[in-house]
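Chain and residue survey
Listed here are the chains, written in short residue letters.
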Amino acid sequence: MKGQSAPTLSAVRTDSSYGGEITYNQYTLVGMWNAGIRATDYQVATTTDYPIEAIQITATSSYLARIAATRARRLNLYGGGGIFLGYEFFDPFNKLPEHIATESKSGCFVYGILARTELELFLSRQFAIVGSASIPLNIQSQTGWFHWEAGIGIRINI
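Overview of the structure. Keep in mind the model is a prediction, meaning the values are calculated, not measured.

Taken in spatial order, the eight strands line up as 1-2-3-4-5-6-7-8 and close into a barrel, and their pairing is antiparallel. For this sheet, the mean angle separating the axes of adjacent strands, direction not counted, is 25°. Direction of pairing for strand 6 (residues 107–122) relative to strand 7 (residues 127–138): antiparallel, over a ladder of eleven bridges. Across the sheet, residue L119 finds its bridge partner in strand 7, namely G131.

Further remarks concern the packing of aromatic side chains. Taken as a whole and judged by the stated rule, the model has three aromatic pairs. Measuring from centroid to centroid gives 5.8 Å for F109 and Y111, while their planes differ by 35°, and the two rings are tilted. With a relative accessible area of 33%, Y111 lands in the partly exposed category. A cation over a ring is seen here: R13 above Y18, with NZ or CZ 4.7 Å from the ring centre. Its guanidinium or amino end placed over the ring of F84, R38 lies 4.8 Å from that ring's centre, counting from NZ or CZ.

So, about the environment of I152. In this structure, I152 sits in strand 8 (residues 149–156). Of the residues examined, I152 reaches a relative accessible area of 55% and is grouped as exposed. A sequence separation of 132 residues divides I152 from G20, and the C-alpha atoms of the two residues are 9.6 Å apart. Excluding residues within four positions of it along the chain, I152 makes contact with S10, A11, I129 and V130.

The rules behind each value
Positions within a chain are numbered from 1, following the residues in the order the chain's sequence is written. Where totals are concerned, whole chains, interfaces and linings use all residues; where local detail is concerned, this predicted model gives features only for residues with pLDDT of at least 70, and gives and counts side-chain atom pairs only at 80 or more. To get the side-chain values, all heavy atoms of the structure are used, and hydrogens and water are removed first. DSSP-based pairing: two strands are paired if at least 2 bridges between them are found. Helix and strand definitions follow DSSP, with helices as H or I runs of at least four residues and strands as E runs of at least two, each counted in order from the N terminus. All axes here are fitted lines through C-alpha atoms, helices being fitted over the stretch that makes contact, and every angle between N-to-C directions spans 0 to 180 degrees. Paired rings are identified among Phe, Tyr and Trp, the last through its six-membered ring, by centres lying within 6.5 Å, and are further divided according to the angle between planes into stacked (under 30 degrees), edge-to-face (over 60) and tilted (the rest). The buried label applies to any residue whose accessible area, calculated with a 1.4 Å probe on protein chains only, is under 20% of its type's maximum; exposed applies above 50%, and partly exposed to all values in between. Lysine NZ or arginine CZ positioned within 6 Å of the ring centre and within 35 degrees of the ring normal marks a charge as sitting over the ring. By definition in these notes, contact holds between two residues if any of their heavy atoms fall within 4.5 Å.

Structural data, given as structure tokens:
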């Protein structure tokens, strides 16, 4: 599989909402690297009845080493980390009522690092179901430093 490409499309559940991710993966001898685009939605609780929404759109890149695999490589577990950078839109749909004043900007540049694991289950030679878990460390985010994300997706090896 070394050098084989595999695009992946995933739905993501964050600690407070949902998102999605599309990545381009390429296998190496001991793992895989990937690069992609991630869109995640975070809800921030306030002292009012109205949570504040923040949508992050980021470019990501990571390397995942194969931790364990079955002999036939139908089931693989990967772990590793990566980086991301992008923009966070704060209350992008103007859902907060006008009488609620925030001192937050309408958006900001975000960047950080992330820890990630993936479980890959091949249903055929080219088609796999992928489960993932990530913990991004957001350096500039208005929604906090740490979040968790879990996802499920499909991967097609080409």
